[in-house]
Amino acid sequence: MTESLIDNQKSGNQSSETEIVTPTPNRFLKLPKCIEYDVPAATGILLDGMPRGALIIANIFLLSLLIDLAKEAAGCPTEDREADEWIQCTKTIYGFKPTSLATGMASTGSFIIAFLLPIIGATIDHTNYRWAIGMWTAVILFVVNLFQCFVSLNLWIAVAVTQIVQAIIYMVHLVPAFAYIPELTNETSKMGRYNASFNIAQYAFMLIHLIFCACLVLTGMTSIELARYSQVLVTTLFGVFSGFSWAYRLDRVEAKTKLAEGASLLTIGFIRSWKSLVFAAKNHRHIMWFYFAIAFADAAVINLQVIVITFSKWLAMDDIELAVFQIIVIVCSFPGSKLIVLVIDKCNPKRALQYVFILWFVTFLLCGIVIKGPESKLYFFFLAILVGLGFGSHYVAMRTTFTEMVPKGQEAEFMGMYLLSTQCLIWLPSLIFTIMNENDIPMNYSVITLGGFILVGYLFLTLMGPLENAQKRKAAWDDETSTTVA
């Protein structure tokens, strides 16, 4: 096993000199200095993340609308949407409560994603299609969001299906985009700042989109009009920013390794993921524990957006209240991204990630204890501050910790397992939430279950041991493999 990975290291080193297949045209098309980095791929990742931030906000209002449309289709009384008859309506549509729609969709899409990612990862690593997959999935996201601009009572089922498709394509899109990140720099502090800037840009566009939606609500727009205009904006952003990113800043690259004779792209990803996990267990056990940690923690964090939408319906929050909650989250995410960089510089990325996990656990626990129904929704806005700090710091600390441990020449392989780890369990929290909701268990208790996922993730992170040991192991492995290649 070790020998085969060393062979991959050799082939990766041999191909690195001719990695670029076709230089991107108009590479030096000028952009403002505040978003143009010395590494073009960093600029591309930054630009590609901007519309994804807006997409997150658009999905919040669209999913909120879909729940209302499902209620209406189920026959819930629509005369007064602030009345208990509407809020606590228990009528079902296709055998499920309308309030289970968002989490049910999330669970379905996540389950499919968990099986697709190894195949997509293998395709990117063993073919020259990294750039093509990234570009065409961006195009598909543009088309899907364009269709969702026409959401209505007659089309709500079709739009709900496209939401599942969008979630799948979104994650497929992230695989080639994230594959560029480990290649940006070898400097810890610079990588941390790259990741922080990516987060800040994404959250900035989330905030811009939120302000746009809040202004629409204040003009008296209905929920369906709000969702439509929101989709128009996000569709435009995908066409401009993602289009520019993949056309002018992200390069076409060659396959890192050749696919072995007789191997199949359909199975090699699963085989490689298993072998990577076994290899990590034998040679980089700290990375194995890290995979387990982020599998549980990210399952909770990624599901939080969908659960908040469903939770807001339980709290009888209207569009403006939902917008205010999200604005607080986004505004607080900016200091979160900045503060975590300071913590990383003062301590180390792994210790910073532990602090983030503690923050998440306290947030979920408080939500379960303090929020008991519509009468206590004011406290929900205070919890938005903690949620914002968590979102702003979580991925900066997580990605920086990961890049500190990955051996040179194996970035793509370990990144594939990294992405698989973040997705393999995200179907579970939403499934648990849906089951609890269908059995009339109060939603505040369902939120506490997210804290359980964070706690398990923290325990696995502790098993990693000190990050300094992981860094020493990485350096020793790099020296060993470079000597073998020589």
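Since the model is a prediction, treat every value here as computed from it, not as a measurement. For every chain, the first residue of its written sequence is number 1, and the numbers climb from 1 along that sequence. Residue-level local features of this predicted model are given only where pLDDT is at least 70; pairs of side-chain atoms are given and counted only at 80 or more, and the full residue set underlies all totals for whole chains, interfaces and linings. Side-chain calculation: all heavy atoms of the structure are included, whereas hydrogens and water are not.

S.K.: Help me understand unusual backbone geometry in this model?
M.R.: With glycine set apart, most residues show a phi of negative sign, and most peptide bonds adopt trans. Here Tyr-94, not a glycine, exhibits a phi torsion of approximately 55 degrees, which is positive. Note that Tyr-94 resides in the loop between α3 (84–87) and α4 (101–126). The backbone phi angle of Ala-316 is positive, close to 60 degrees, even though this residue is not glycine. Helix and strand definitions follow DSSP, with helices as H or I runs of at least four residues and strands as E runs of at least two, each counted in order from the N terminus. With respect to the secondary-structure elements, Ala-316 resides in the loop between α10 (285–314) and α11 (319–346).

S.K.: Would you explain the packing of α4 against helix α15 (residues 427–438) in this entry?
M.R.: Angle between the axes and distance between the axes: these two values describe a pair of packed helices. Each axis is a line fitted through C-alpha atoms, and for a helix only the stretch in contact is used; angles between axes span 0 to 180 degrees, taken between their N-to-C directions. α15 packs onto α4 with a crossing angle of 150 degrees between their chain directions and a minimal axis gap of 8 Å. Between α4 and α15, the crossing angle belongs to the class labelled roughly antiparallel. In the crossing of α4 with α15, the sense of the turn from one axis to the other is left-handed. Contacts from Thr-103, Gly-104, Ala-106, Ser-107, Ser-110 and Phe-111 in α4 reach Trp-427, Ser-430, Leu-431, Phe-433 and Thr-434 in α15. Tallied by class, the residues present in the contact of α4 with α15 amount to five nonpolar, six polar and no charged. An angle counts as roughly parallel when it lies under 35 degrees, as roughly antiparallel when it exceeds 145, as roughly perpendicular when it falls between 65 and 115, and as oblique in every other case. It is the rotation of the near helix from the far one that decides the hand of a crossing: anticlockwise by less than a right angle makes it left-handed, clockwise makes it right-handed. Only heavy atoms matter for contacts: two residues are in contact if any of them lie within 4.5 Å across the pair. Note that Gly is not counted as nonpolar here; it falls among the polar residues with everything else outside the nonpolar set of Ala, Val, Leu, Ile, Met, Phe, Trp, Tyr, Cys and Pro and the charged set of Asp, Glu, Lys and Arg.

S.K.: Even after reading the chapter, I still don't get the environment of Val-306, so can you show me in this structure?
M.R.: Within the secondary structure, Val-306 is located in helix α10. Using a relative accessible area of 12% as the deciding quantity, one classes Val-306 as buried. With sequence-adjacent residues up to four places away left out, Val-306 is seen in contact with Leu-63, Ala-102, Thr-103 and Ala-106. Relative accessible area decides the class of each residue, using a 1.4 Å probe on protein chains only: under 20% of the type maximum gives buried, over 50% gives exposed, and in between gives partly exposed.

S.K.: Explain the packing of aromatic side chains here, please?
M.R.: Two descriptors summarise a pair of aromatic rings, namely the distance from one centre to the other and the angle between the planes of the rings. Pairs were defined over the aromatic rings of Phe, Tyr and Trp, the Trp ring being its six-membered one, requiring ring centres within 6.5 Å. Orientation was assigned from the angle between planes: stacked under 30 degrees, edge-to-face over 60, tilted for the rest. Throughout the structure, instances matching the rule amount to 19 aromatic pairs. Between Trp-289 and Phe-460, the aromatic rings sit 5.9 Å apart at their centres with planes inclined by 20 degrees, giving stacked as the arrangement. A residue pair is termed long-range when its members are at least 10 positions apart, and Trp-289 in helix α10 and Phe-460 in helix α16 (residues 443–463) qualify at 171 residues. Ring centres 5.2 Å apart and planes at 80 degrees place the aromatic pair Trp-360 and Phe-391 in the edge-to-face group. Placement of the pair is Trp-360 in helix α12 (residues 349–370) and Phe-391 in helix α13 (residues 377–403), with a sequence separation of 31 residues. Judged by its relative accessible area of 0%, Trp-360 is buried. An aromatic cluster is built from Trp-289, Phe-292, Phe-296, Phe-453 and Phe-460, whose rings are joined through pairwise contacts. Only lysine NZ and arginine CZ atoms are considered, and such an atom sits over a ring when it is within 6 Å of the ring centre and within 35 degrees of the ring normal. The lysine or arginine in question, Arg-130, covers the ring of Tyr-180, its NZ or CZ lying 4.5 Å from the ring centre.

S.K.: Would you mind showing me how to read the pattern of salt bridges here?
M.R.: A pair can form between side chains of opposite charge whenever their charged atoms are brought close. The term salt bridge refers to a pairing of a side-chain nitrogen on Lys or Arg with a carboxyl oxygen on Asp or Glu at a separation within 4 Å. Using the criterion set out here, one finds six salt bridges in the structure. The partner of Asp-440 in a salt bridge is Lys-97, and the shortest N-O contact between them spans 2.3 Å. Residue Asp-440 is located in the loop between α15 and α16, and its partner Lys-97 is located in the loop between α3 and α4; the two are separated by 343 residues in the primary sequence. Looking at Asp-440, the relative accessible area reads 57%, which means it is exposed.

S.K.: Can you walk me through the nonpolar core in this structure?
M.R.: With 145 residues, the main nonpolar core has Leu-66, Phe-290, Trp-360, Phe-380 and Tyr-418 as its most contacted residues. For this core, the leading source of residues is helix α2 (residues 40–74), giving 21 residues. Not counting the four nearest positions on each side in its chain, Leu-66 is found in contact with Leu-101, Val-151, Trp-156, Val-159, Ala-160 and Gln-163. We define the nonpolar core as a collection of buried residues of types Ala, Val, Leu, Ile, Met, Phe, Trp, Tyr and Cys that are connected through side-chain atoms lying within 4.5 Å of one another.

S.K.: So what exactly am I meant to see when it comes to helix α6 (residues 156–179) here?
M.R.: Because the α-helix completes a turn every 3.6 residues, residues three or four places apart line up on one side. Expected helix span is given by 1.5 Å per residue-to-residue step, counting one fewer step than there are residues. Across its 24 residues, α6 extends 35 Å between first and last C-alpha, which sits within 8% of the 34 Å expected from 1.5 Å per residue. Among the 24 residues of α6, 18 are classified as buried, and the element is accordingly described as predominantly covered.

S.K.: Just to check I follow, could you spell out empty space enclosed by the protein for this structure?
M.R.: Where empty space is left in the structure can be found by rolling a water-sized probe over the atoms. In this analysis, the protein atoms alone were mapped onto a 1 Å grid. Cavities are point sets where a 1.4 Å probe fits without being able to get out; pockets are open sets with protein on both sides within 12 Å along at least five of seven lines; lining residues have an atom within 4 Å of a point. Grid points are joined across faces, edges and corners, and a volume is the space filled by probe spheres set on the points. Under the criterion given, the structure shown has seven cavities of 30 Å³ or more. Of the volumes computed, that of the largest cavity is approximately 1000 Å³. For the lining of the largest cavity, the elements supplying multiple residues, two or more each, are α2, α4, α6, α7 (188–218), α10, α11, α13 and α14 (411–423). Every residue lining the second largest cavity is listed: Leu-304, Ile-307, Val-308, Phe-311, Phe-325, Thr-363, Phe-364, Cys-367, Phe-380, Leu-383, Val-387 and Val-447. For the lining of the second largest cavity, the elements supplying multiple residues, two or more each, are α10, α12 and α13. Broken down by element, the lining of the second largest cavity gets its largest block of residues, four residues, from α10. Within the lining of the second largest cavity, the residues separate by chemical class into eleven nonpolar, one polar and no charged.

S.K.: Sorry, what's going on with helix α8 (residues 223–248) here?
M.R.: If you check α8, its first and last C-alpha atoms are 37 Å apart, about what 26 residues at 1.5 Å a residue would give, namely 38 Å. Maximum bend of α8: about 25 degrees, positioned at Phe-238. Those residues of α8 lying buried are Leu-226, Ala-227, Ser-230, Gln-231, Val-234, Thr-235, Leu-237, Phe-238, Ser-242, Phe-244, Ser-245 and Trp-246. Contacts from the buried residues of α8 go to α2, α5 (130–148), α6, α7 and α11. Here the bend at a residue is taken as the angle between two axes, fitted respectively to the seven residues that end there and the seven that start there.

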